[in-house]
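Secondary and tertiary structure notes
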Amino acid sequence: MTVSADHSASPVTALSSALPREYVHKSAHSEVLLTGWRAVAPDEYVITAQWPRAHSFYSPDASGHHDPLLLAESVRQAIPLLSHVAYDVPFGHRQIWDTFSYSMNAEALAVGSTPADIVLRISCSGVTRRGRRLAGLTMHVTATRDGAFLGTAEARFTNQPPAVYQRLRGSNADLDQVAARIIPLPPPLTPRRVGRDRFHDVVLSATSSTHRTQLRADINHPILFDHPVDHAPGMLLLEAVRQAAYGCTFPRRGVLTDLEIRFFRYAELNSPCWIETTPIPDGTAAAGRLPVRVSARQNGEDVFTATATITAAPARSLCPAL
């Protein structure tokens, strides 16, 4: 088993590296954020991670903040890691999000002169099993950066063995059939409107309504589709929430400091998925917090509902004029 590096050791002996990519369900070694783990009590763990100063997709914003979705991706990677190394889940099983949320301290996201060293302290509750097999649990996460409070997160997921997953998905689990039925990629929104620099990274397409967009699931995107999958990945849906919230609050800009999402079903790749936004008038706009309700529907059914809060950048940040 891989354990966390001992940061009290001398620079000569304190060697560190990313965890094996198989533990976090990534194909690219370069996309592994987690660097170590250790158990501290029954169902309690410490996981270390490192966030790069620059990333090809989760890049810092114009105000010099790390992308807060790096926390979401760190927690996502922790789900299969702990499933395999702490709860004896075999490779090939699928971990499926039910709910996910986080709340971030924007000031702690400032990019420094070195990569950000992150510690995730995780407590697991609601651990259920079917026989000896893990059926699901909830992870409660407190994140720190170099000892300073960074934020909290919570994720509830279920674990399904291949036979159960196949039964749940039916023909949608066949990657060849899915690839043959993927709908054409619609044109992207203007990157600036959704907080992006490149058309390639825009995951939404315009419709006739300003509060409704279509999901763009580009299966050739090297980060969002790190490997072939039979449905829209969870991180793609989180990015859609973020871009929808930015589009709803445009031209105001800030940091996605708070996110809550509940998943109801898979977002399929063979039919349009519609993303709808509604500003939430909760009286916090004057304080620089802009909450937005985001939902997704496909084939007349709810895929997810979410609340995303855009918080104005801290006063010390220098934001270019829009």
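Details of the structure are given in the entry above.
To keep things clear, this report deals only with the structure shown in the data block. (Residues numbered from 1 in each chain as written. Predicted model: local features only at pLDDT ≥ 70, side-chain atom pairs only at ≥ 80, totals over all residues. Heavy atoms only, no water.)

**Looking at the packing of helix α1 (residues 69–85) against helix α4 (residues 234–249)**
Angle between the axes and distance between the axes are the two parameters that describe a pair of packed helices. Relative to each other, α1 and α4 sit at 160°, their axes nearing to 11 Å. The pairing of α1 with α4 is recorded here as roughly antiparallel in orientation. As α1 runs across α4, the sense of the crossing is right-handed. Between α1 and α4, the contacting residues are Leu69, Ala72, Glu73 and Arg76 on the first element and Met235, Leu238, Glu239 and Arg242 on the second. Class assignment of the residues belonging to the contact of α1 with α4 gives a composition of four nonpolar, no polar and four charged. (Axes fitted to C-alpha atoms, helices over the stretch in contact; angles between N-to-C directions. Helix = DSSP H or I, 4+ residues; strand = E, 2+ residues; numbered from the N terminus. Parallel < 35°, antiparallel > 145°, perpendicular 65-115°, else oblique. Left-handed = near helix turned anticlockwise from the far one by under 90°. Contact = heavy atoms within 4.5 Å. Nonpolar A, V, L, I, M, F, W, Y, C, P; charged D, E, K, R; others polar.)

**Describing unusual backbone geometry**
Residues other than glycine predominantly adopt negative phi, and peptide bonds predominantly adopt the trans conformation. In this structure, the amide linkage connecting phenylalanine 250 to the following residue, proline 251, adopts the cis form with an omega of 10°. Tracing the backbone shows proline 251 in the loop between α4 and β9 (255–263). Positive phi, normally seen in glycine, also occurs at histidine 25, with a value near 60°. Within the fold, histidine 25 resides in the segment before β1 (34–41). Assessed through its relative accessible area of 26%, histidine 25 is described here as partly exposed. In this model, aspartate 43 sits at a positive phi of 65°, which is unusual for a non-glycine residue. Take aspartate 43: it is sitting in the loop between β1 and β2 (44–51). Relative accessible area serves as the criterion here: at 28%, aspartate 43 is assigned to the partly exposed category. (Buried < 20%, exposed > 50% of the residue type's maximum accessible area, 1.4 Å probe, protein only.)

**Focus on the pattern of salt bridges**
Here the structure, examined in full by the defined rule, presents 13 salt bridges. Close ionic contact of arginine 169 with glutamate 268 constitutes a salt bridge, the shortest N to O distance being 2.7 Å. Of this pair, arginine 169 sits in helix α2 (residues 162–169) while glutamate 268 sits in the loop between β9 and β10 (273–279), and the two are 99 residues apart along the sequence. Beyond isolated ion pairs, a larger network of salt bridges with shared partners links Asp67, Arg196, Glu239 and Arg242. (Salt bridge = Lys/Arg side-chain N within 4 Å of Asp/Glu carboxyl O.)

**Considerations on the packing of aromatic side chains**
Under the defined criterion, the tally for this structure stands at nine aromatic pairs. Seen from their ring centres, tyrosine 45 and tyrosine 87 are 6.0 Å apart, and the 70° between their planes marks the pair as edge-to-face. Note that tyrosine 45 is positioned in strand β2 and tyrosine 87 in the loop between α1 and β3 (94–104), a separation of 42 residues in sequence. Across this residue pair, the class does not change: tyrosine 45 and tyrosine 87 are buried. Linked through ring pairs, Trp97, Phe100, Tyr102, Phe263 and Phe304 together constitute an aromatic cluster. Here arginine 169 stacks its cationic end above the ring of tyrosine 266, 4.2 Å away from the centre of that ring. One residue, arginine 196, lies across the ring of phenylalanine 57, its end atom 3.9 Å from the ring centre. (Phe/Tyr/Trp six-rings, centres within 6.5 Å; stacked < 30°, edge-to-face > 60°. Lys NZ or Arg CZ within 6 Å of the ring centre and 35° of its normal.)

**Concerning α4**
Compared with an ideal rise of 1.5 Å per residue, which puts 16 residues at 22 Å, α4 spans 23 Å between its outermost C-alpha atoms and is within 8% of the ideal. Counting buried positions along α4 yields 14 of 16 residues, so the element is predominantly enclosed. (Expected span 1.5 Å × (residues − 1).)

**Thoughts on the nonpolar core**
One finds Trp51, Phe100, Met139, Leu238 and Phe304 to be the most contacted residues of the largest nonpolar core, which totals 82 residues. No other element matches α1, which puts 10 residues into this core. Beyond its immediate stretch of four places on either side in the chain, methionine 139 contacts Val75, Ala78, Ile79, Ile122, Ser123, Cys124, Ala153, Glu154, Ala155 and Phe157. (Core = buried A, V, L, I, M, F, W, Y, C linked by side-chain atoms within 4.5 Å.)

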